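As a plain string of letters, each chain reads:
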Amino acid sequence: MKHTARAFWIDSPGRGGIRDVTLPERGEGEVLVRTLYSGVSRGTETLVFRGGVPVSQHTAMRAPFQEGDFPGPVKYGYLNVGVVEEGPEELAGRTVFCLYPHQSRYVVPARAVTPVPDTVPAERAVLAGTVETAVNALWDAAPLVGDRIAVVGGGMVGCSVAALLARFPGVRVQLVDADPSRAAIAKALGVGFATPADAEGECDLVVHASATEQGLARSLELLTAEGTVLELSWYGDRRISLPLGEAFHSRRLVIRSSQVGTVSPARPNRTYADRLAVALDLLADPALDALVTGESGFEELPDVLPRLASGEIPALCHRVRYDESSDPYDESD
């Protein structure tokens, strides 16, 4: 008896569709997972959907269970929450998170899934991959008690960072975004909000996540002397310019990168699994529900993803819901 499933593929830049797939037989040490929800991380996934991954980054940008190659056809995604239908006794029936694309069922090694704590609803657990990015960023940034911090860019990653910083004692945290509607999300997360023109300066740390040239320039302006910009944005195939003249050198400003592809060197004793487990534990906070700003059914993805990419649907994390209609042909002879 073979299991079948349905998977979303990017057929070519700007166009995607759903395909029937036959799953491999589950081997020893593997699990069969039925997807409950997946998430579209609007920044990275819409860049992939548009075909904006530079050739030089095709290898670095591969998702763990990606099939195909950029710019397409490619099956891409990494925010998936499901139920283990078959597998080792300790995982059978458990709700798990996996860095898997948008697909109704899948078979992966058991080590590739992480159990979702009972305190975290499956609907919220789709945020784990992005909160994991925020955890890694803060391991890199190492904020201190009493720091003055701005997060420039109120997208999914920026808001995740702001949400975690809201828990730090004694810090001044402000989310900075050109879209005034992000003020409501900042309030839900428990942090201040400002437009770029009104943001408070003299920051010890600025986390930049707007993926714009203007945002990075403003981040430098917000720093105090010897302050640091932690750059989380990824620009794909775009070139940007920076104002590194004027007082950049005399104020001894720092720009450093952070990327989730490696565990922060500031935590040499931690593994990828440790980092993801931390992220899932943090998702017990219901305030993080504010990061999910839309939901649609799996069968709607071919129509929804172009609208997310164009900005017609404004979103942080867009949640994809799976039901029986998503997987009408579970098994075949």
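Keep in mind the model is a prediction, meaning the values are calculated, not measured. (Residues numbered from 1 in each chain as written. Predicted model: local features only at pLDDT ≥ 70, side-chain atom pairs only at ≥ 80, totals over all residues. Heavy atoms only, no water.)

(A) Quick peek at the sheet that holds strand β12 (residues 192-194). An order of β12-β11-β10-β13-β14-β15 is seen for the six strands of this open sheet, with the pairing classed as parallel. Edge positions in the sheet fall to β12 and β15 (254-257), since each has one partner strand and no second. Within the sheet, the average angular offset between the axes of one strand and its neighbour, ignoring direction, is 25°. On the sheet, helix α3 (residues 128-141) packs against β13 (203-208), β14 (223-231) and β15 and is oriented at approximately 145° with respect to β14. (Pairing = 2+ DSSP bridges. Helix = DSSP H or I, 4+ residues; strand = E, 2+ residues; numbered from the N terminus. Axes fitted to C-alpha atoms, helices over the stretch in contact; angles between N-to-C directions. Contact = heavy atoms within 4.5 Å.)

(B) Quick peek at the packing of α3 against helix α7 (residues 272-282). At their nearest, the axes of α3 and α7 sit 8 Å apart, and the two run at 110° to each other. In terms of their interaxial angle, α3 and α7 are classed as roughly perpendicular. Where α3 crosses over α7, the two elements pack in a sense that is right-handed. Listed contacts from α7 to Ala128, Val131, Glu132, Val135, Asn136 and Trp139 of α3 are Tyr272, Arg275, Leu276, Val278, Ala279, Leu280 and Leu282. Considering only residue class, the contact of α3 with α7 consists of ten nonpolar, one polar and two charged. (Parallel < 35°, antiparallel > 145°, perpendicular 65-115°, else oblique. Left-handed = near helix turned anticlockwise from the far one by under 90°. Nonpolar A, V, L, I, M, F, W, Y, C, P; charged D, E, K, R; others polar.)

(C) Quick peek at the layout of surface pockets. Within this model, the second largest pocket holds a volume of roughly 180 Å³. Around the second largest pocket sit Val135, Leu138, Trp139, Ala142, Pro143, Leu164, Arg167, Phe168, Arg267, Val278 and Leu282, which together line it. Of all the elements in the fold, those that place two or more residues in the lining of the second largest pocket are α3 and α7. Of all the elements, α3 adds the most residues to the lining of the second largest pocket, at three residues. Split into classes, the residues belonging to the lining of the second largest pocket amount to nine nonpolar, no polar and two charged. (1 Å grid on protein atoms, 1.4 Å probe; cavity = no way out; pocket = protein on both sides within 12 Å on 5 of 7 lines; lining within 4 Å. Points joined across faces, edges and corners; volume = space filled by probe spheres on them.)

(D) Representation of empty space enclosed by the protein. Applying the stated criterion to the full structure yields one cavity of 30 Å³ or more. Considered as a void within the structure, the largest cavity measures approximately 40 Å³ in volume. Of the residues that constitute the lining of the largest cavity, the class distribution is four nonpolar, one polar and one charged.

(E) Looking closely at the state of the cysteines. The tally for this structure, following the rule as stated, stands at zero disulfides. Its sulfur unpaired, Cys159 is 12 Å from the next cysteine sulfur, which belongs to Cys317. (Disulfide = S-S within 2.5 Å.)

(F) Main features of the side chain of Ser296. One can find Ser296 in strand β16 (residues 292-297). On the accessibility criterion, Ser296 (5% relative accessible area) is buried. Here the side chain of Ser296 touches His318 through a polar contact of 2.9 Å, side chain to side chain. With residues up to four places along the chain from it excluded, the contact list for Ser296 reads Val304, His318, Arg319, Val320 and Arg321. (Buried < 20%, exposed > 50% of the residue type's maximum accessible area, 1.4 Å probe, protein only. Polar contact = N/O pair within 3.5 Å; in protein donor to acceptor, adjacent residues only side chain to side chain.)

(G) Structural context of unusual backbone geometry. At the junction of Phe70 and Pro71, the peptide bond is cis and its omega measures out at 0° in the coordinates. Structurally, Pro71 is set in the loop between β4 (67-68) and β5 (74-75). Here the amide bond leading from Gly72 into Pro73 is cis, since omega sits at 0°, within 30 degrees of zero. Locating Pro73 in the fold gives a position in the loop between β4 and β5. Positive phi is not limited to glycine here, since Glu202 has a value of about 55°. Positive phi outside glycine occurs at Glu226, with the angle close to 65°. Along the chain, the position of Glu226 falls in strand β14. By relative accessible area, which is 55% here, Glu226 ends up exposed.

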